[in-house]
Amino acid sequence: MVKIAVDMMGGDNAPDIVLEGIQMVLDEYDDVEILLFGDEQLFTLNHDRIQFHHCTEKIEMDDEPVRAIRRKKDASMVRMAEAVKYGEADACVSAGNTGALMSTGLFIVGRLPGVDRPALALTLPTVDDKGFILLDMGANADAKPEHLEQYALMGNIYAQIIRKIEQPTVGLLNIGTEDKKGNSLTRHTYQLLTETEQLNFIGNVEAKDLLFSTADVVVTDGFTGNMVLKSLEGTANSIFKMLKQQMTKNLKNKLAAGVLKKDMGIVKDKMDYSEYGGAVLFGLNGIVIKAHGSSNGRAFFNALRQAKETVEMNVLETMKREVGHND
């Protein structure tokens, strides 16, 4: 039985979408147990595989992360992370405040020995539906070459085990493909990754090629990674908004839109990275997954499914053995 701790109060549409996702995962799998943390007055599910724990506080989306987790000891997110720390749960999932969840993971769950800094990793869609892992997505705005090497090693393990890619290609996000391109960080990281025997390093990759399956794992610092993610989100949303405006401009376009509606829906779903699950905080001594803040029930289900698979495939144990062995 896989036990997953869940923050019922985190996210823009909590608790409704959280409960919806939980119901879906319990319907789909008979070997999952949920430890649910939140306000009992909002708890509406009745299932023998849910252990409910009432919390008197919650972390708001605009709370200052570190201060919130230190002051709100009975917050649902904090209690959820403590369940992982003390071995009561195998993994935890929240759609709440990203900064607070990263701080919770770092200060409550703790780092893997030998890992300098955790990284937030997300699987993003590609044109050929293969997808790729991008990290760091914002856990650390600043990074050193050694940090990016560890990100690459952890992403490589995840791609092998969860995405079942035997020899994942690893790329370094840069402003050009030449080995001398970029700033001091990327130039030194390039050299370091070239010398790392465990990796199938293919060199620099440019942002314009990310969605064309240039690499299975792409590493960068958290500042750049977060900018890339938000640029991709904004571009996708803008394109679909412009298409909708154009398709409803006149009767001819409306008729065409009726014919293409199903196909456009398929394309929109392909661009939805929540279909792959949530973002995983690599480098922690436990499995912590961040679902998108505006998740619907299906997206939260995917994050729960991802947590289950990560536990079952022993990803954490592999990272402990292959990355966190330096101390």
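Here's a quick rundown of the structure. (Residues numbered from 1 in each chain as written. Predicted model: local features only at pLDDT ≥ 70, side-chain atom pairs only at ≥ 80, totals over all residues. Heavy atoms only, no water.)

**Thoughts on the overall build of the protein chain**
Right, so step 1: Each helix and strand in the protein chain was counted, giving ten helices and eleven strands.
Right, so step 2: On the principal axes, the C-alpha backbone points of the protein chain span a range of 65 × 55 × 35 Å.
Right, so step 3: Counting every position in the protein chain, which comprises 327 residues, the buried fraction comes to 52%.
Right, so step 4: Contacts in the protein chain between residues at least 24 apart in sequence constitute 71% of all its contacts with a sequence separation of at least 6.
Right, so step 5: When the accessible surface of the protein chain is totalled, it reaches about 15700 Å², and 49% of it is carbon and sulfur.
Right, so step 6: Here the protein chain carries 36 positive and 47 negative side-chain charges, and the mean point of each set is 6 Å from the other. (Helix = DSSP H or I, 4+ residues; strand = E, 2+ residues; numbered from the N terminus. Buried < 20%, exposed > 50% of the residue type's maximum accessible area, 1.4 Å probe, protein only. Contact = heavy atoms within 4.5 Å. Areas by Shrake-Rupley, 256 points an atom, 1.4 Å probe, with all protein chains shown as cover. Lys, Arg positive; Asp, Glu negative; His and termini not counted. Charge placed at Lys NZ, Arg CZ, Asp CG, Glu CD.)

**Focus: the nonpolar core**
Right, so step 1: Ranked by size, the top nonpolar core spans 60 residues in total, and within it Ile4, Val6, Ile22, Ile34, Val93, Leu135 and Phe300 carry the most contacts.
Right, so step 2: Counting residues per element, this core draws most heavily on helix H5 (residues 145–161), which supplies nine residues.
Right, so step 3: Not counting chain neighbours up to four residues away, the residues in contact with Val6 comprise Val18, Ile22, Ile34, Leu35, Leu36, Phe37, Met80, Val93, Phe300 and Leu304.
Right, so step 4: Core analysis: the second largest hydrophobic core is formed by 38 residues, Ile69, Ala89, Leu284 and Val288 among them. (Core = buried A, V, L, I, M, F, W, Y, C linked by side-chain atoms within 4.5 Å.)

**What to know about the pattern of salt bridges**
Right, so step 1: Counted according to the given criterion, the structure contains eight salt bridges.
Right, so step 2: Here Lys308 ties to Asp31 by a salt bridge, and the two come within 3.6 Å at their closest N and O atoms. On the criterion of sequence distance, the pair formed by Lys308 in helix H9 (residues 297–312) and Asp31 in the loop between helix H1 (16–28) and strand S2 (32–38) is long-range, its members being 277 residues apart.
Right, so step 3: Judged by its relative accessible area of 7%, Lys308 falls in the buried class.
Right, so step 4: Between Lys130 and Asp216 there is a salt bridge, and its shortest N-O distance comes to 3.1 Å. You can see Lys130 sitting in the loop between strand S5 (119–124) and strand S6 (132–135) and its partner Asp216 sitting in the loop between strand S8 (200–205) and strand S9 (217–219), a full 86 residues away along the chain.
Right, so step 5: Overall, Asp216 belongs to the buried group, its relative accessible area being 5%. (Salt bridge = Lys/Arg side-chain N within 4 Å of Asp/Glu carboxyl O.)

**Things to note about the packing of H1 against H9**
Right, so step 1: Where H1 meets H9, the closest approach of the two axes is 7 Å, and the angle between their N-to-C directions is 55°. One finds that H1 runs oblique with respect to H9. The handedness of the crossing between H1 and H9 comes out as right-handed. Together, Ile17, Val18, Glu20, Gly21, Ile22, Met24, Val25 and Glu28 of H1 and Gly297, Arg298, Phe300, Phe301 and Leu304 of H9 make up the contact between the two elements.
Right, so step 2: Its residues assigned to classes, the contact of H1 with H9 shows eight nonpolar, two polar and three charged. (Axes fitted to C-alpha atoms, helices over the stretch in contact; angles between N-to-C directions. Parallel < 35°, antiparallel > 145°, perpendicular 65-115°, else oblique. Left-handed = near helix turned anticlockwise from the far one by under 90°. Nonpolar A, V, L, I, M, F, W, Y, C, P; charged D, E, K, R; others polar.)

**Topic: unusual backbone geometry**
Right, so step 1: Cis peptide bonds are those with omega within 30 degrees of zero, and the linkage from Ala14 to Pro15 qualifies with 0°.
Right, so step 2: Inspection of the secondary structure assignment puts Pro15 in the loop between strand S1 (2–7) and H1.
Right, so step 3: Here Leu135 and Asp136 are connected by a cis peptide whose omega angle stands at 10°.
Right, so step 4: Secondary-structure assignment places Asp136 in the loop between S6 and H5.

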